[in-house]
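Here are the chains, one letter per residue:
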Amino acid sequence: MVHPRKGPSVTTDREGDQLLVERARAGERAAFDLLVAKYQRRLMRLLARLLNDPAEAEDVVQETFIKAYRALRHFRGDAAFYTWLYRIGINTAKNALLMRKRLAASSPVEPAVIKPDGGGEEERLRDINTPESMLASKQIAQTVNAAMDALPIDLRTAIALREIEGLSYEEIAQIMGCPIGTVRSRIFRAREAIARKLRPLLDLPVDKRW
């Protein structure tokens, strides 16, 4: 009797992360470095969106990975590693925002002005046919960014995880530690707030958007 040949086992992304976590727990620092390399850019993109300050986001990303490394023994694997990591990063970002508010209250400073990380968005805008279209697109992008920055941190986090990171409602609920219904409500409210800011632009002719 000929037995069918078994194909190679396929390791899921989550299982691969768990293996790296176990190796890191055993003292293999290179395994944790692989996790850092895998998630550093994604975490930086998210935290820069939440903090609206790339330099501060870099510091928070570094602090997040330090906290995660020190807490690896507490990671049970009930959720995916990245949801656990994102939770640490978001909580660290919230602490940074609280500290920023306290410092601003004691010594007011001019708010930081940054260019949004659009992955080359400005270069793409230059390829749009007309100056009017370019202006409209730029104004819409700026309005969306400003509207997101004005959102409460929980709404901003939920909409960023959904629209920027592309995570499911279930994953966002795990990261934010709240029911899925709360996630849906926060995303709905965030979208409504952004839409309200966009309506004046979308209702006006291009040549009136000055």
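Before reading on, note that the structure itself is shown above.
Residues numbered from 1 in each chain as written. Predicted model: local features only at pLDDT ≥ 70, side-chain atom pairs only at ≥ 80, totals over all residues. Heavy atoms only, no water.

> Break down helix H8 (residues 169-176) for me, with residues and values.
Turning to H8, its buried residues number three or more, namely Tyr-169, Ile-172, Ala-173, Ile-175 and Met-176. Down the axis, H8 shows its buried residues gathered within 165° of arc, on one side only. A positive phi of about 65° marks Gly-177, the residue just after H8. (Buried < 20%, exposed > 50% of the residue type's maximum accessible area, 1.4 Å probe, protein only. Helix = DSSP H or I, 4+ residues; strand = E, 2+ residues; numbered from the N terminus. Arc of directions from axis to C-beta.)

> Please provide a residue-by-residue account of the nonpolar core, values included.
One broad trend across soluble globular proteins is that nonpolar side chains are buried collectively. Ranked by size, the top nonpolar core spans 54 residues in total, and within it Phe-32, Leu-47, Leu-51, Phe-65, Phe-81, Trp-84 and Leu-161 carry the most contacts. Of all elements in the fold, only helix H1 (13-25), helix H2 (29-51), helix H3 (54-70), helix H4 (81-106), helix H6 (131-150), helix H7 (153-164), H8 and helix H9 (180-203) reach the threshold of two or more residues within this core. Broken down by element, this core gets its largest block of residues, 11 residues, from H2. Setting aside its immediate chain neighbours within four residues, Phe-32 contacts Ala-24, Phe-65, Ala-68, Tyr-69 and Leu-72. (Core = buried A, V, L, I, M, F, W, Y, C linked by side-chain atoms within 4.5 Å. Contact = heavy atoms within 4.5 Å.)

> Give a description of the environment of Val-36 that names residues and reports values.
Structurally, Val-36 is set in helix H2. Residue Val-36 is classed as buried on the basis of its relative accessible area of 17%. Sequence spacing of Val-36 and Tyr-69 is 33 residues, and the spatial spacing of their C-alpha atoms is 9.9 Å.

> Describe H1, with residues and values.
For H1, which comprises 13 residues, the first-to-last C-alpha distance of 18 Å matches the rise-based estimate of 18 Å (1.5 Å per residue) to within 8%. Within H1, the full set of buried residues consists of Asp-17, Gln-18, Leu-20, Val-21 and Ala-24. Projected down its long axis, H1 shows its buried positions confined to an angular sector of 160°, all on one face. Of the surrounding elements, those touching the buried residues of H1 are H2 and H4. After H1 finishes, the residue Gly-27 shows a positive phi value of roughly 105°. (Expected span 1.5 Å × (residues − 1).)

> So what's going on with the packing of aromatic side chains? Which residues, and what values?
Taken as a whole and judged by the stated rule, the model has eight aromatic pairs. Relative to Trp-84, the ring of Phe-75 has its centre 5.1 Å away and its plane inclined at 45°; by these criteria the two rings are tilted. Residue classification places Trp-84 among the buried positions, given a relative accessible area of 12%. An aromatic cluster is built from Tyr-39, Phe-75, Phe-81, Tyr-82, Trp-84 and Tyr-86, whose rings are joined through pairwise contacts. When the ring centre of Tyr-69 is taken as reference, the NZ or CZ atom of Arg-29 above it lies at 4.7 Å. Taking the ring centre of Tyr-169 as reference, the NZ or CZ of Arg-162 above it sits at 4.3 Å. (Phe/Tyr/Trp six-rings, centres within 6.5 Å; stacked < 30°, edge-to-face > 60°. Lys NZ or Arg CZ within 6 Å of the ring centre and 35° of its normal.)

Nothing here speaks to function; it is geometry throughout.
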